[in-house]
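The lines below spell out each chain.
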Amino acid sequence: MKQLSGAIHDLASEVVSVLRDGDHRSVAGAGAVRGDEAVLRVAAVRALGADVLLPTTLLRRPPEEPVLALVREAMRTYPPGPDASSATVWSHWAMERTVLRLTSTDGVPDRGGRRPTGAPPTAQPDVSDLESAPWQRLTHQLAVLGALAVPEADSAVAEVARRRSLDVSRGFVRAVRRRDWFQAAGAGRWLAAVRGAPGTLGLDTGLDFVLHMGGADPRVALHTHAARWMRATDPGGGEGAPS
Amino acid sequence: MFSTESTTRDLHKTLETDVEAALNPTEADGVFRDSRECAALLLLAGALLLSPPTPRPKKG
């Protein structure tokens, strides 16, 4: 686990670096690795999920084929099993959805005929456990599913986050008070994605604080940079819910 | 060669479990700062700073 968490941190750092600097470095796909290192990298891509493609999604760049190939390999190698948790199934769905969105239009396979295996993009996993979850658990689960929080997110998870944005705001404050920077960053990212932060929350200042306190963890930095990017590019200023 | 393949297979099996764990983390324990404890520590530190120096025996 220690080996994998190190690989996940390295990969998240690469994504953060591209998001922060806006340069054209390749994430994960650069450089040939073999043997155990290659196996570990595929596992790290599966764990980080659709966020491996976040620079492509946010910066609206054409996807790089080596990165796409790596994401496809991670999906093939680690498909959700019959007893997989909701988070695992949703994470896999998000990867499928992102690859499909980046390589095709309206769900049509790309010119190479490639299409992610598994469920079609319209069939979404169950979300009932999120709908009925207390706000504390909802915030935790949403932070785990942070890769789904992207601009114009249209998943069922995003719909729950949008509908329960006040609960997510409470969760953001609770996470900051508990100094759970990963959860705070994830909740902040969701609030930015669904434009659900009440004006009184002070989300921008909160995100700066979370980045300052927890930014040494690249997964925290990744969520925070994604949130700040969405806030900065939101024409409505990011304030959605009434204060 | 067989040994290398076997090791890689073992690593893959271990990673399957690790990936599942990474995708389903439990909520981290909160680290709270108790305001009253902080205030008490601040008062103590202030009192120590403002206290007169310890008397020393005069030289000679």
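Since the structure is predicted, the reported quantities are computational estimates derived from the model, not experimental observations.

Residues and elements named next belong to chain A. The domains assigned to chain A are domain 1 (1-125) and domain 2 (126-243). Each side of the interface is counted separately: domain 1 has 20 residues, and domain 2 has 18 residues. The set of elements that each furnish at least two residues to the side of domain 1 that touches domain 2 consists of α1 (2-21), α3 (54-59) and α5 (86-103). Of all the elements, α1 adds the most residues to the side of domain 1 that touches domain 2, at 7 residues. Within the side of domain 1 that touches domain 2, the residues separate by chemical class into 11 nonpolar, 7 polar and 2 charged.

With 84% of its residues at a pLDDT of 70 or more, chain A shows a mean pLDDT of 86. Residue range residues 107-113 of chain A is modelled with pLDDT below 50. Its contacts to residues more than four positions away, or to other chains, number 7 contacts.

As a further point, take helix α10 (residues 181-193) of chain A. Here α10(A) is 13 residues long and its end C-alpha atoms lie 18 Å apart, about the 18 Å a rise of 1.5 Å per residue gives. The element α10(A) is extensively covered by neighbouring structure, given that 13 of its 13 residues are classed as buried.

If you look at the interface, chain B gives 18 residues, while chain A gives 19 residues. Residue composition of the side of chain B that touches chain A, grouped by class: 10 nonpolar, 4 polar and 4 charged.

Cut-offs applied
Residues numbered from 1 in each chain as written. Chains lettered and ligands numbered in written order. Predicted model: local features only at pLDDT ≥ 70, side-chain atom pairs only at ≥ 80, totals over all residues. Domains from an automatic or database assignment. Contact = placed C-beta atoms within 7 Å. Helix = DSSP H or I, 4+ residues; strand = E, 2+ residues; numbered from the N terminus. Nonpolar A, V, L, I, M, F, W, Y, C, P; charged D, E, K, R; others polar. pLDDT = per-residue confidence, 0-100. Expected span 1.5 Å × (residues − 1). Buried ≥ 20, exposed ≤ 12 C-beta atoms within 10 Å, placed from the backbone.

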